[in-house]
Amino acid sequence: MTTQTPPSNPITDPYKYLRIVLAPDGTITRLPEIPSLNLSSADSASDSHPIPILTKDLTINQSKKTWARIFLPRQTLDPSFHAKLPLIVWFRGGGFILYSAASALFQHSCATMAIQLSAVLVSIEYRLAPEHRLPAAYEDAVEAVHWIKTAPDEWLTDFADLNNCFLMGGSAGANIAYHAGLKLAATIDDQDLHPLEIKGLILHQPFIGRCKRTESELRMVSDPHLPLCCADLMWKLALPIGADRDHEYCNPTVEGGSNALTKMKALGWRILVDWGDKDPLMDRQQEFVKMLQEKGLQVVSQFSEGHCHGIELVDLSKCNALYSAYKSFISSSLLP
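Residues numbered from 1 in each chain as written. Predicted model: local features only at pLDDT ≥ 70, side-chain atom pairs only at ≥ 80, totals over all residues. Heavy atoms only, no water.

As recorded in an unreviewed UniProt entry, the chain goes by Alpha/beta hydrolase fold-3 domain-containing protein and comes from Jatropha curcas. Its UniProt record, at the heading Sequence similarities (unreviewed entry), says of the chain: "Belongs to the 'GDXG' lipolytic enzyme family." (UniProt positions renumbered as here; feature names shortened; annotations may be inferred.)

See below:
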């Protein structure tokens with residue numbers, strides 16, 4: 001492991017860095033407003049669309065303002081193409097407090113994943129903290145999975161193989177995918193997901209932590225992509241009021257999810273966790289992988305040199321090997 005010299009000008013104002021303003025009522029104003037890409041299925045399906053992907057937005061829960069953006073590889077519309085594609089339920093990052101499924105920031109990476117993985121990808125819009133603190137995002141994720149199994153949309157019914165479903169997310173989205181998986185595994189006997197069958201989880205650089213600092217956090221305290229003070233603030237705004245970073249939502253190594261992990265093991269779900277050596281959370285992620293392995297889960301640990309936190313948003317060209325690993329994981333999970 002290489003060492004890095006701490007920066008001479010450490011980042012000390014997370015509000016300024018994240019461009020948010022905290023209001024007296026506990027809500028935040030996000031400045032500037034994040035650019036969004038609003039779609040219509042007619043526009044996205046036009047022959048002039050530059051990417052071989054089709055997209056559409058569908059409402060999940062109007063009262064909660066949750067919805068889904070579906071990414072469908074254009075090849076599925078070829079009359080000679082008859083196979084259904086694996087289904088990926090995707091949760092974006094943003095520290096639980098930023099961005100949307102409509103953020104242009106994620107459009108290209110989601111489209112690329114759907115194409116590279118030959119999958120139908122459904123990106124879920126969930127409620128943000130601090131207006132809706134955890135477990136609101138987890139509840140939205142679970143509701144989205146139940147919505148998918150009965151959604152009367154031809155892109156899902158005709159092109160997605162609901163029997164081969166994976167929960168996937170990046171950073172805070174990986175945290176959401178994991179906790180949604182725990183909740184679904186724990187209740188699967190009482191709440192049948194048929195015809196949807198979850199095969200496993202793909203957790204890209206999961207956003208996790210605990211109160212005690214790790215070596216990698218201290219060494220990369222002012223990492224330009226995830227400064228430590230910003231991670232602290234995100235958790236402060238996202239966790240239930242009064243909770244610290246040893247709460248089970250933040251620290252997966254506590255015993256809160258043990259029973260659900262046992263059930264996940266019994267269901268045969270597999271878990272891929274990827275992490276990089278330029279991510280301040282790398283020590284956390286190693287601890288997480290070790291915990292899952294000690295619980296007897298089938299875990300694939302994918303380490304990438306030179307990958308910072310949110311690499312797919314910084315340099316998508318570095319993700320080809322990563323997507324190859326995802327595709328191999330999905331294919332091997334589908335074997336009888």
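Okay, back to it.
Moving on, we come to helix α12 (residues 320-333). Helical geometry note: an α-helix holds 3.6 residues per turn, so side chains three or four residues apart project in the same direction. Across its 14 residues, α12 extends 20 Å between first and last C-alpha, which sits within 8% of the 20 Å expected from 1.5 Å per residue. Within the span of α12, buried status applies to Leu322, Tyr323, Ala325, Tyr326, Phe329, Ile330 and Ser333. Down the axis of α12, the smallest arc covering the buried residues is 155°, so these residues share one side. (Helix = DSSP H or I, 4+ residues; strand = E, 2+ residues; numbered from the N terminus. Expected span 1.5 Å × (residues − 1). Buried < 20%, exposed > 50% of the residue type's maximum accessible area, 1.4 Å probe, protein only. Arc of directions from axis to C-beta.)

Considering all chains together, one arrives at 15 salt bridges under this definition. Ionic pairing is found between Asp140 and Lys64, a salt bridge with its closest N-O pair at 3.9 Å. With Asp140 in helix α4 (residues 136-150) and Lys64 in the loop between β3 (53-61) and β4 (66-73), this residue pair connects regions lying 76 residues apart in the sequence. For Lys64, a relative accessible area of 27% corresponds to the partly exposed category. Between Arg92 and Glu125 there is a salt bridge, and its shortest N-O distance comes to 3.4 Å. Residue Arg92 is found in the loop between β5 (85-91) and α3 (104-116), and its partner Glu125 is found in strand β6 (residues 120-125); the two are separated by 33 residues along the sequence. Residue Arg92 is classed as buried on the basis of its relative accessible area, which comes to 1%. When salt bridges with common partners are traced through the structure, they connect Lys64, Arg127, Glu139, Asp140 and Glu143 into a single cluster. (Salt bridge = Lys/Arg side-chain N within 4 Å of Asp/Glu carboxyl O.)

As a further point, take the sheet that holds strand β8 (residues 198-204). Spatially, the eight strands line up as an open sheet ordered β3-β4-β6-β5-β7-β8-β9-β10, and their pairing is mixed. Sheet topology places β3 and β10 (298-308) at the edges, where each strand pairs with a single neighbour. Each neighbouring strand pair of the sheet contributes to a mean axis angle of 20°, computed without reference to strand direction. Relative to β6, β4 runs antiparallel, the two being bridged by five bridges. Bridge assignment links Arg69 to a residue of β6, and that residue is Ser123. Lying over the sheet, α12 contacts β5, β7 (160-170), β8, β9 (270-278) and β10, oriented at roughly 165° with respect to β9. (Pairing = 2+ DSSP bridges. Axes fitted to C-alpha atoms, helices over the stretch in contact; angles between N-to-C directions. Contact = heavy atoms within 4.5 Å.)

The next point concerns the side chain of Thr112. Of note, Thr112 is situated in helix α3. Discounting residues that sit within four places of it in the chain, Thr112 has contacts with Leu316 and Tyr323.

The subject of this paragraph is the nonpolar core. With 80 residues, the main nonpolar core has Leu87, Leu156 and Leu292 as its most contacted residues. Broken down by element, the residue count for this core peaks at nine residues, all from helix α6 (residues 172-187). Here Leu87 is in contact with Val120, Val122, Ile148, Leu156, Ala160, Asp161, Leu162, Asn164, Cys165, Phe166 and Leu196, once residues within four sequence places are set aside. In this structure, Phe71, Phe106, Cys110 and Cys308 belong to the second largest nonpolar core, which totals 25 residues. (Core = buried A, V, L, I, M, F, W, Y, C linked by side-chain atoms within 4.5 Å.)

A word on the packing of α4 against α6. Following both chains from N to C, one finds α4 and α6 inclined at 65°, their axes separated by 9 Å at the closest point. By crossing handedness, the relation of α4 to α6 is classed as right-handed. The segment α4 lies against α6, with Ala137, Tyr138, Ala141, Val142, Val145 and His146 engaging Asn175, Ile176, His179, Ala180, Lys183 and Leu184. Classifying every residue of the contact of α4 with α6 gives eight nonpolar, three polar and one charged. (Left-handed = near helix turned anticlockwise from the far one by under 90°. Nonpolar A, V, L, I, M, F, W, Y, C, P; charged D, E, K, R; others polar.)

With that settled, the discussion passes to the environment of Leu203. When you line up the elements, Leu203 lands in strand β8. Given the relative accessible area of 0%, Leu203 is considered buried. Residues Leu203 and Ala172 lie 31 residues apart in sequence; the distance between their C-alpha atoms is 9.7 Å. If sequence neighbours within four positions are ignored, Leu203 has contacts with Gly169, Ala174, Ala177, Tyr178, Ile271, Leu272, Val273, Asp274 and Phe288.

A cluster of nonpolar side chains, contributed by Leu105, Leu313 and Val314, occupies part of the molecular surface with about 220 Å² of accessible area. Relative to the assigned elements, Leu313 resides in helix α11 (residues 311-314). Classification of Leu313 by relative accessible area gives partly exposed; the value is 33%. (Patch = residues over 30% accessible without salt bridge, like charges linked within 9 Å, V, L, I, M, F, W, Y side chains within 5 Å. Areas by Shrake-Rupley, 256 points an atom, 1.4 Å probe, with all protein chains shown as cover.)

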